[in-house]
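Structural characterization, general
Listed below are the residues making up each chain.
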Amino acid sequence: MMTSPTMTGAKSRLAVTSWSTRTRLLTGMIALTAITLLVAGTVSYVFQRHQLNERLDGSLIRTIEEIRNISKTVDPNTLKPFAEAEDLLYAGMQQTMLGPTQGMIGIGDARVRWKAPVTVDVQLDQDPEFMDWAHRTSVDQIKLDTVKTELRTYRVASVPVQLRSDPEPASFIVAYDYSAEVRQLNTNYLILAGVGMAIMIIAGVVAWLLVGRMLQPIRRLQETAQDISESDVSTRIEVTGRDEFADLTITINQMLDRLENALTAQRQLLDDVGHELRTPVTIIRGHLELMDSTDQADVEQSKDIALDELERMSLLINDIVTLAKANRQDFLIIKPTPVGVLLADVLEKAKALGPRDWKILHRSDATVSLDPARITQAMLQLCDNAVKYSAPDTPVELGSTIKRAPGTPPLLRMWVRDAGTGISEADQQRIFERFGRGSNIARTQGSGLGLNIVTAIVQAHGGSIHLSSTPGRGSAFYLDIPLTPEPRTTEESAS
């Protein structure tokens, strides 16, 4: 049976969802914690077993020493040296303090002569296998040994008791229930493992909740990305907290702002371009449709109108291409530029735009980093506007200076000032918009993109453009470009 592509895709998405970042992160954390606890617990258990063996052997050795010391003393009943081994066994057992897992017996004449009180849990004489070992063991030397029976595993110390006055051999045997000691150690570690497992589960639940809360910006980002469509990018992610995720959220929101602005500008450009190009196309089509091909004068007139409109369309397209390049990194070619020389070149080129009283009012001879070609383009666009909206032989003043203010970087200010018609306050913001024109400006006087291009050039330099205008008295456009580092300057006035 073949699986359809839709089902396969659904399974893939399900697999991706079931092993989300949250799941993988917590699985890795829990696995690392479990491995750490396992390794630490194993090492600690081996160390504790070693310590247990040393503790039991140390206790048995001390008991052996105590029995040897007792043999060197006197019988408390006769106040004389011990005469019989049985008496020495009795005295040794009386002075031996047994732990909860210890037992002892005294063997003489191949039988148990003395044993631990019935209150002691470990009764060695009740284990037949142990007693077989006890009777077989040598009574000639001290012995430490491990004895395994069906009932228990013992750690045993056997001390031979031999007196000159008593030829019968005897032995004092003390033993630990080694299996009980190990069982207690194992129980402690099982409890520790259970507590560790419970803590790990609780920590896993808490971490699941914390990681889920930390990843909320990621989920909101995913939801926002799903909500964003080609025509609507207005959705934003809520910023919570002050951590790295909050910084990421702010960055993404800023990216969405830029994307929305770019899409809005793109739609506006398409609408404006469509509107601006529709008019010349309509004019050309109308004249061609109404043209009388037998009338030479009408043909010439229609041709001139068509060529004029096509020329305006060509200028409009060139301006649109310039604006499209404004967002590219290679739009500017920055290099050190003498401002005085740049301003003189602009003046020489501007004189060809029309008969005006051209002059440089103030000039800075600073050398700054900027794109001379783009700044020249912006200044000539302002000069062209000054020619269009001023009378012949009226003054048009150019200038440049370095402005400094406390706490702010120095600025290169360049300006073009005319004595033309001026711009009303209501139009002063609109003229900087794409295809924006003043209310007293005819459509045929330009594409409506000139000041928009100037603004793009200045903003690409990190600067801004300002306008000061009074209707009937002229306008002044100022280009402010921040300079870093501060240039060396020489200021001068010129006429």
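Cut-offs and rules
- Residues numbered from 1 in each chain as written.
- Predicted model: local features only at pLDDT ≥ 70, side-chain atom pairs only at ≥ 80, totals over all residues.
- Heavy atoms only, no water.
- Helix = DSSP H or I, 4+ residues; strand = E, 2+ residues; numbered from the N terminus.
- Buried < 20%, exposed > 50% of the residue type's maximum accessible area, 1.4 Å probe, protein only.
- Contact = heavy atoms within 4.5 Å.
- Areas by Shrake-Rupley, 256 points an atom, 1.4 Å probe, with all protein chains shown as cover.
- Pairing = 2+ DSSP bridges.
- Salt bridge = Lys/Arg side-chain N within 4 Å of Asp/Glu carboxyl O.
- Polar contact = N/O pair within 3.5 Å; in protein donor to acceptor, adjacent residues only side chain to side chain.
- Axes fitted to C-alpha atoms, helices over the stretch in contact; angles between N-to-C directions.
- Parallel < 35°, antiparallel > 145°, perpendicular 65-115°, else oblique.
- Left-handed = near helix turned anticlockwise from the far one by under 90°.
- Patch = residues over 30% accessible without salt bridge, like charges linked within 9 Å, V, L, I, M, F, W, Y side chains within 5 Å.
- Core = buried A, V, L, I, M, F, W, Y, C linked by side-chain atoms within 4.5 Å.
- Expected span 1.5 Å × (residues − 1).
- Nonpolar A, V, L, I, M, F, W, Y, C, P; charged D, E, K, R; others polar.

1. What to know about the overall build of the protein
The secondary structure content of the protein amounts to 11 helices and 13 strands. A total of 495 residues make up the protein; the buried ones form 38% of that total. Across the protein, every contact between residues at least 6 apart in sequence was considered, and the portion connecting residues at least 24 apart equals 63%. Carbon and sulfur atoms make up 57% of the accessible area of the protein, which amounts to about 29500 Å² in all.

2. Looking at the pairing of strand β3 (residues 143-148)
Looking down a regular strand, the side chains alternate between one sheet face and the other. Relative to strand β4 (residues 153-163), β3 runs antiparallel, the two sharing six bridges. Of the residues in β4, the one forming a bridge with Asp145 is Val156. Where β3 folds back on β4, the antiparallel hairpin that results is connected by four residues.

3. What to know about the pattern of salt bridges
For the structure shown, the criterion picks out 11 salt bridges. As a salt-bridge pair, Glu348 and Lys351 come within 3.6 Å of each other at their nearest N and O atoms. For Glu348, a relative accessible area of 52% gives the class exposed. With relative accessibility at 41%, the residue Lys351 sits in the partly exposed group. One salt bridge connects Asp480 with Arg413, and the closest N-O pair in it is separated by 2.8 Å. Here Asp480, found in strand β12 (residues 474-482), pairs with Arg413, found in strand β10 (residues 408-418); they are 67 residues apart in sequence, far enough to count as distant.

4. Some points on the environment of Lys115
Note that Lys115 resides in strand β2 (residues 111-115). Considered as a pair, Lys115 and Tyr90 are 25 residues apart in the sequence and their alpha carbons are 9.0 Å apart. A polar contact is formed between the side chain of Lys115 and the side chain of Asp125, at a distance of 3.3 Å.

5. Here's the deal with the sheet that holds β3
Taken in spatial order, the five strands line up as β2-β1-β5-β4-β3 in an open sheet, and their pairing is antiparallel. At either margin of the open sheet sits one strand with a lone partner, and together these are β2 and β3. Recorded for the sheet is a direction-independent mean angle of 30° between the axes of neighbouring strands. Note: strand β1 (residues 102-108) against strand β5 (residues 166-177), seven bridges, orientation antiparallel. Bridging across to β5, Gly106 finds its partner in Phe172. Across the sheet, helix α5 (residues 178-214) lies against β4 and β5, angled at about 15° from β5, the strand it touches most.

6. A word on helix α11 (residues 450-460)
For α11, the buried fraction is high: nine of the 11 residues fall into the buried class. Those residues of α11 that fall on the buried side of the exposure criterion are Gly450, Leu451, Asn452, Ile453, Val454, Thr455, Ala456, Ile457 and Val458.

7. Considerations on the packing of helix α2 (residues 21-71) against helix α3 (residues 85-94)
Viewed as axis vectors pointing N to C, α2 and α3 meet at an angle of 130°, and their least axial separation amounts to 10 Å. Judged by the angle between their axes, α2 and α3 are oblique. Handedness of the α2/α3 crossing: right-handed. Seen from α2, the contacting residues are Ile67, Ile70 and Ser71; seen from α3, they are Leu88, Ala91 and Gly92.

8. Structural notes on a nonpolar patch on the surface
Where nonpolar side chains cluster on the molecular surface, the patch consists of Met197, Ile201, Val205, Trp208 and Leu209 and spans about 500 Å² of accessible area. By secondary structure assignment, the location of Met197 is in helix α5.

9. Things to note about the nonpolar core
Nonpolar side chains tend toward joint burial in soluble globular proteins. Trp358, Ile375, Met379, Leu398, Leu412, Val416 and Leu479 are the most contacted members of the largest nonpolar core, which totals 43 residues. Ranked by residue count, the leading element in this core is helix α10 (residues 372-388), at seven residues. Beyond its immediate sequence surroundings of up to four residues, Leu398 is in contact with Leu343, Val346, Leu347, Trp358, Lys359, Ile360, Leu361, His362, Met379, Cys383, Trp415 and Val416. Counting residues in hydrophobic clusters, the runner-up holds 27 residues, among them Leu89, Val120, Ala157 and Ala170.

10. A closer look at α5
The end-to-end C-alpha distance of α5, which contains 37 residues, comes to 52 Å, matching closely the 54 Å that a straight helix rising 1.5 Å per residue would cover. Buried within α5 are the following residues: Tyr178, Ala180, Glu181, Val182, Leu185, Tyr189, Gly196, Met200, Gly204, Ala207, Val211 and Gly212. Looking at the buried residues of α5, the elements they touch are α2, β4, β5 and α6 (216-227).

11. Here's the deal with the packing of α10 against α11
Put simply, α10 and α11 touch, their axes get as near as 9 Å, and they point 150° apart. As summarised for this structure, α10 and α11 are arranged roughly antiparallel, according to the angle between their axes. Both α10 and α11 take part in a crossing whose hand is left-handed. Contacts between α10 and α11 involve Arg374, Ile375, Gln377, Ala378, Gln381, Leu382 and Asn385 from the first element and Gly450, Leu451, Ile453, Val454 and Ile457 from the second. Residues that form the contact of α10 with α11 fall into these classes: seven nonpolar, four polar and one charged.

12. Side note on unusual backbone geometry
Most peptide bonds adopt trans geometry, and most residues besides glycine take a negative phi value. Located in the positive-phi region is Asp393, a residue other than glycine, with phi close to 65°. Among the structural elements, Asp393 can be located in the loop between α10 and β9 (395-405).

13. As for the side chain of Asp480
Take Asp480: its relative accessible area is 5%, and that puts it in the buried class. Engagement of the side chain of Asp480 in a polar contact is seen with the side chain of Arg413, the distance being 2.8 Å. If near-sequence neighbours (up to four positions away) are discounted, Asp480 is found in contact with Leu411, Leu412, Arg413, Val458, Gly463, Ser464 and His466.

14. Section: the pairing of β12
By the criterion of burial, β12 is predominantly enclosed, with eight of the nine residues buried. Pairing of strand β11 (residues 464-470) with β12, which is carried by seven bridges, proceeds in the antiparallel orientation. When the bridges of β12 are listed, Leu467 appears paired with Phe477. The loop that links β11 with its antiparallel partner β12 comprises three residues; one of these, Gly472, has a positive phi angle of about 85°.

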